[in-house]
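Inside the fold
Letter by letter, the chains look like this.
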Amino acid sequence: MRVMAAVMESRVRYRFFGPAHILQGSDIQPGQSVLEIGCGTGFFTLPAARLLGDQGSLVAMDVLPMSVDAVTKKVQAANLNNVRVVQGNALNTQLAVESVDTVLIFGVIPAPMLPLDQLLSEMHRILKPGGIMSVWPTSWVHQTIVQSGLFTLSSKRHGVSNYKRN
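Described in the following lines is the structure provided in the data block. Within any chain, residue numbers begin from 1 and follow the written order of that chain's sequence. Local features are withheld for residues below a pLDDT of 70 in this predicted model, meaning they are given only at 70 or higher, and side-chain atom pairs are given and counted only at 80 or more; totals for whole chains, interfaces and linings count all residues. Calculated side-chain values reflect all of the structure's heavy atoms, with hydrogen atoms and water omitted.

So, about the environment of S33. Among the secondary structure elements, S33 is positioned in strand β1 (residues 33-37). Note on contacts: a residue pair qualifies if any of its non-hydrogen atoms lie within 4.5 Å across the two residues. If we ignore the near neighbours within four places in the chain, the residues touching S33 are S57, S99, V100, D101, T102 and K128. Put simply, DSSP H or I for four residues or longer makes a helix, DSSP E for two residues or longer makes a strand, and each gets a number counted from the N terminus.

What follows is the structure, given as structure tokens:
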């Protein structure tokens, strides 16, 4: 896990896959409520929280306690009050129905521990009507997302596919 964390935080990754650039491809706006699935080392967490501003809120979720601890420390060090870091399962987020404006699923799918049909169902449940699920990188999952009938592709920018909740 430590090796993977080192790779996730490498300067090369920041240079070639800068989080600010990729986040520009999502539809997040200041003041929104956002769920970040698989926050990992917090590569996207702090930049996303800054984009949301003080009126916005970000739930950074990861299944691994090590990730939750690391991101919690980063959030505290950055003095960000609009972020809540939680250990949780993306298939059952425990978030309220239609409570989230945007879900960020960056660098998480495809993952064998996340059956896509269950993940899409849970994301649909928690997103507000017309809410956006932002996925990066796009891959073979595009067809599955569209065929689910739960989402429609609304835009594609900076390698991020944005799917609007139907």
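Turning next to the packing of aromatic side chains. How two aromatic rings sit relative to each other is set out by the distance from centre to centre and by the angle between their planes. Aromatic contacts are taken between Phe, Tyr and Trp rings whose centres are within 6.5 Å, Trp giving its six-membered ring; a plane angle under 30 degrees counts as stacked, one over 60 as edge-to-face, and the others as tilted. One pass over the full model with this rule turns up four aromatic pairs. Residues F43 and F44 carry aromatic rings whose centres are separated by 4.9 Å and whose planes lie at 90° to one another, so their mutual orientation is edge-to-face. Note on F106 and W136: the rings are 6.4 Å apart at their centroids and 70° apart in plane angle, and the pair reads as edge-to-face. Of this pair, F106 sits in strand β4 (residues 100-106) while W136 is found in strand β5 (residues 127-136), placing the two residues 30 residues apart along the sequence. Like F106, the residue W136 is buried in the burial classification. The buried label applies to any residue whose accessible area, calculated with a 1.4 Å probe on protein chains only, is under 20% of its type's maximum; exposed applies above 50%, and partly exposed to all values in between.

Before going further, it helps to spend a moment on helix α4 (residues 45-52). For α4, the tally of buried residues reaches six of eight residues, placing the bulk of the element in the interior. Turning to α4, its buried residues are T45, L46, P47, A48, A49 and L52. Next to the buried residues of α4 lie α3 (19-24), β1, β2 (57-62), α5 (65-77), β3 (83-87) and β4. Count one or two residues on from α4 and you reach G53, which has phi positive near 75°.

To continue, consider the pattern of salt bridges. Any carboxyl oxygen of Asp or Glu that lies within 4 Å of a side-chain nitrogen of Lys or Arg is treated as forming a salt bridge with it. Going through the model one piece at a time under the given rule, you end up with four salt bridges. Of the charged contacts in the structure, one is a salt bridge between E122 and R125, with a shortest N-O distance of 2.8 Å. Pair noted here: E122 and R125 are both in helix α6 (residues 116-126), with a separation of three residues, about one helical turn. Using a relative accessible area of 6% as the deciding quantity, one classes E122 as buried.

Structurally, C39 is set in the loop between β1 and α4. The sequence separation of C39 and V108 amounts to 69 residues, and the corresponding C-alpha distance is 9.0 Å. When neighbours within four sequence positions are excluded, C39 is seen to be in contact with T45, A60, M61, D62 and V71.

Time to look at α6. L116, L119, L120, E122, M123, H124 and I126 are the residues of α6 that are buried. On its buried side, α6 packs onto β1, β4, β5, α7 (141-147), β6 (151-157) and β7 (160-165).

Ranked by internal contacts, the top residues of the largest apolar core, which has 25 residues, are L35, I37, V103, I105, I109, M123 and M133. At the level of elements, β1, β2, β4, α6, β5 and α7 are the ones that each hand at least two residues to this core. Excluding anything up to four places from it in sequence, M133 contacts V103, I105, L120, M123, L127, I145, F151, S161, N162 and Y163. To form a nonpolar core, buried Ala, Val, Leu, Ile, Met, Phe, Trp, Tyr and Cys residues must be joined to one another through side-chain atoms within 4.5 Å. With 23 residues, the next largest nonpolar core counts L23, F43, L52 and L58 among its residues.

Here we take up the side chain of T93. Among the structural elements, T93 can be located in the loop between β3 and β4. In protein, a polar contact requires one atom able to donate a hydrogen and another able to accept it; more generally it is a pair of N or O atoms within 3.5 Å, and residues adjacent in sequence count only if both atoms are side-chain atoms. A polar side-chain atom of T93 sits 3.2 Å from the main-chain amide nitrogen of L95. Of the polar contacts made by the side chain of T93, one reaches the side chain of E122; its length is 2.7 Å.

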